[in-house]
Amino acid sequence: MTRSPDTTGNAVARLADRLSELAGAAVVLERPSDPSHGDYATNVALRTAPQHKQPPRELAADLAARAAELEEIERAEVAGPGFLNLWVTTEWLVRALAEIGADYGAGAPEQAQKIQVELISANPAGPLTVGSARNGAYGDSVARVLAYAGHEVEREYYFNDAGRQVDLFRASVEARRRGDELPEGGYQGEYIDELARVEGDPVARMLEEIRREIAEFRIPVDTWRHQGEIEKHVAEVLPKLDTFEAEGTIWARTSAYEDDKDRPLVRSSDGSYLYFAADVAYVRDKLERGFDRAIYVLGADHHGYVGRLKAAAAMLGYDPERIEVLIYQLVHIVEGGETKKISKRRGDVVFLHELIAKIGIDAARWYLVSRGHDQPIDIDVDLAADRTQKNPVYYVQYAHARIAGILRNVEGDSAGETPTDLASEERDLIKRLLEFPLVVAESAERRAPHAIPIYAIRLADDFHRFYHEHRVVGSETEAFRLTLARATQSIIARALDLIGVEAPERM
RNA sequence: GCGCCUGUAGCUCAGUGGACAGAGCGGCGGCCUUCUAAGCCGCGGGUCGGAGGUUCGAAUCCUCCCAGGCGCACCA
């Protein structure tokens, strides 16, 4: 809505600005799906007709006449109920292509924010699961996109290493070592057996294991926080809260701050902290570190957290808007046509390292981030395992590798004339490249990185079509086509990087 | 019961007010003496869960209903 993409380096946005001046209203340029509707189209006449009290087609005709005068515009036509269809000139497309540099689409938002993205934060009671993998793939991509959009981003991981679950986890390993019965509701599985066979604190081992897996999954976590550390500051925070005592417990009156109910903080009998106490201290810890915004990435099974976290911020006197909770739907595992109920405690869970072993990091990251975060994901492990050849990630990577192949064939200075006429494949490809800044801006604003792989598929599609029809090296417009190929390669690489996927030179 | 999310092609999913609803996979049929055929082209395929409503215009916004997932712990 208030989106203002960086118009200086974005030819489409500049064109929209010029048209906006002519129209006296904000013009949004779309790429029509039907090529007979022009290179770009706008519905501005339809939207502004009521306030002008004029028929939309009349307004559109008026705007068409003036738009046709612009040097960028080859042709302007009114169509349908009042759409304005525009054809741009070849010169404009060639110039726009030439502007595409290494950081094309990188934002410089008028107000860059300091943003923290807290991701995964799984219990160190076992290796990361595919659920954690989605959290990481999604959260890290949001972080990458926000950073590319111009924000200052830090990634943080919070270890719940002081709660009942880790105690239970330790007890489970120790029971296994002694050959005793598992504690009630204890953890089991092969990894528990392995931990039991070696000396040392299993929690410490899991902390190291998780850090290793996260690095392998290409998530550059900047800071690590431990629940034990945060709890040391609970005593400082409690006096700032709106509390009351009942039933042997000190409660936070979060219901007065738009939470569903009040939350227990401290068990009066022994003074032990309940989980929400650490939550509150952690909220303060985050906001006092100077982040304009603290983003939590949580699975749908934690969506009840939204209210209490914002309430915690409000109760401490912070603007609750600084707390943003991103909820992603859960990942289910389908095996043999049946959805598995997964439980880390029971041990019937699919771990991230198993998923990586089966389909690789690139496919895993692509797969986990290429669906909307509001969409549940069913991973059919059998399908994911043998579908690798057909995974769209390879289709996109292949386009990148193909371009690398072309560039290896270039010898010396490239020559050739500037084209005065473009083939449809060239026009389509350039227009696709010019979409990238808007895709990134929207993706950042909506916390929706899944738009990136979708765009990457279309871009690869346009490139493969171009490649099939036209030669680059040795063509009459070699220099121009090399520019086109390089720009395509650069944007594919950037798009893949934004979702943590590699862009290979050869395949 | 209450809250959040979802329901679009055989399957997996895009599409948060605009022009006949798109892609991949699967199915069928074509294209390699030329920069990578992990590619390209073509053909089939949909009452956008259902019913009302708002709007010049609805897959998209509102209401109700149906179906599924997840919550509603002194677990995390």
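Procedures and definitions
Residues numbered from 1 in each chain as written. Chains lettered and ligands numbered in written order. Predicted model: local features only at pLDDT ≥ 70, side-chain atom pairs only at ≥ 80, totals over all residues. Heavy atoms only, no water. Buried < 20%, exposed > 50% of the residue type's maximum accessible area, 1.4 Å probe, protein only. Helix = DSSP H or I, 4+ residues; strand = E, 2+ residues; numbered from the N terminus. Pairing = 2+ DSSP bridges. Right-handed = clockwise from strand over helix to strand, strands pointing away. Axes fitted to C-alpha atoms, helices over the stretch in contact; angles between N-to-C directions. Parallel < 35°, antiparallel > 145°, perpendicular 65-115°, else oblique. Left-handed = near helix turned anticlockwise from the far one by under 90°. Contact = heavy atoms within 4.5 Å. Domains from an automatic or database assignment. Buried area = accessible area lost by both parts, 1.4 Å probe. Salt bridge = Lys/Arg side-chain N within 4 Å of Asp/Glu carboxyl O. Polar contact = N/O pair within 3.5 Å; in protein donor to acceptor, adjacent residues only side chain to side chain. Phe/Tyr/Trp six-rings, centres within 6.5 Å; stacked < 30°, edge-to-face > 60°. Lys NZ or Arg CZ within 6 Å of the ring centre and 35° of its normal.

**With respect to the pairing of strand β10 (residues 293-299)**
Counting buried residues in β10 gives seven out of seven residues, a clear majority hidden from the surface. In β10, alternate side chains face the same way, and those of R293, I295, V297 and G299 on one face and A294, Y296 and L298 on the other are all buried. Where strand β4 (residues 114-118) meets β10, four bridges bridge the pair, whose relative direction is parallel. Note on β10: the bridge partner recorded for E118 is Y296. Sheet topology note: the β10/strand β11 (residues 323-328) ladder contains six bridges and is parallel. When the bridges of β11 are listed, A294 appears paired with I323. Tracing the backbone out of β10, into helix α12 (residues 305-315) and back to the parallel element β11 gives a crossover that is right-handed.

**Quick notes on the packing of helix α11 (residues 275-288) against α12**
Where α11 meets α12, the closest approach of the two axes is 9 Å, and the angle between their N-to-C directions is 60 degrees. On the basis of their axis angle, the class for α11 and α12 is oblique. Where α11 crosses over α12, the two elements pack in a sense that is right-handed. In contact with Y275, F276, D279, V280, V283 and L287 of α11, α12 contributes Y305, R308, L309, A312 and A313.

**Overview of the domain arrangement of chain A**
Domain annotation of chain A identifies domain 1 (7-88), domain 2 (119-231 + 329-387) and domain 3 (391-498). Summarising the inter-unit geometry, the C-alpha centres of domain 2 and domain 3 are found 36 Å apart. Each partner contributes to the interface: domain 2 provides 18 residues, whereas domain 3 provides 22 residues. Where domain 2 abuts domain 3, roughly 1700 Å² becomes buried across the two surfaces, and 69% of that area is made up of carbon and sulfur atoms. Ranking the residues of domain 2 by area buried against domain 3 places V145, Y148 and W366 at the top, with a combined share of 42%. Here domain 2 is connected to domain 3 by one salt bridge. Between D497 and R144 there is a salt bridge, with its nearest N and O atoms 3.5 Å apart. The interface formed by domain 2 and domain 3 includes four residue pairs in polar contact (both at pLDDT 80 or more).

**Structural notes on the side chain of R365**
Mapped onto the secondary structure, R365 falls in helix α13 (residues 352-369). The exposure class assigned to R365 is buried, which follows from its relative accessible area of 0%. Among the polar contacts made by the side chain of R365, one reaches the side chain of D140 at a distance of 2.7 Å. Those residues within four positions of R365 in sequence are excluded, and the remaining contacts are A137, D140, S141, R144, F217, R218, I219, I499, G500 and V501.

**Some remarks on unusual backbone geometry**
For K53, which is not glycine, the phi dihedral falls at a positive 55 degrees. If you trace the backbone, K53 turns up in the loop between α2 (44-52) and α3 (56-67). A positive phi angle, near 45 degrees, is found at S121, a position not held by glycine. When you line up the elements, S121 lands in the loop between β4 and α5 (130-148).

**Concerning the packing of aromatic side chains**
For any pair of aromatic rings, the description consists of the separation of the ring centres together with the inter-plane angle of the planes. Overall, the coordinates contain eleven aromatic pairs when judged by the stated rule. Centroid distance Y157 to F159: 4.5 Å. Interplanar angle 45 degrees. Geometry classified as tilted. With respect to burial, Y157 and F159 carry one shared label: buried. Taken together, a centroid distance of 5.9 Å and an interplanar angle of 50 degrees make the contact between F463 and F466 tilted. Placement of the pair is F463 and F466 together in helix α17 (residues 451-469), with a separation of three residues, close to one helical turn. Of the two residues, F463 and F466, both sit in the buried class. Put simply, the rings of Y157, F159 and W224 pair up and form one aromatic cluster. Directly above the aromatic system of W87 lies the positively charged group of R75, at a separation of 3.9 Å from the ring centroid. When the ring centre of Y367 is taken as reference, the NZ or CZ atom of R371 above it lies at 4.6 Å.

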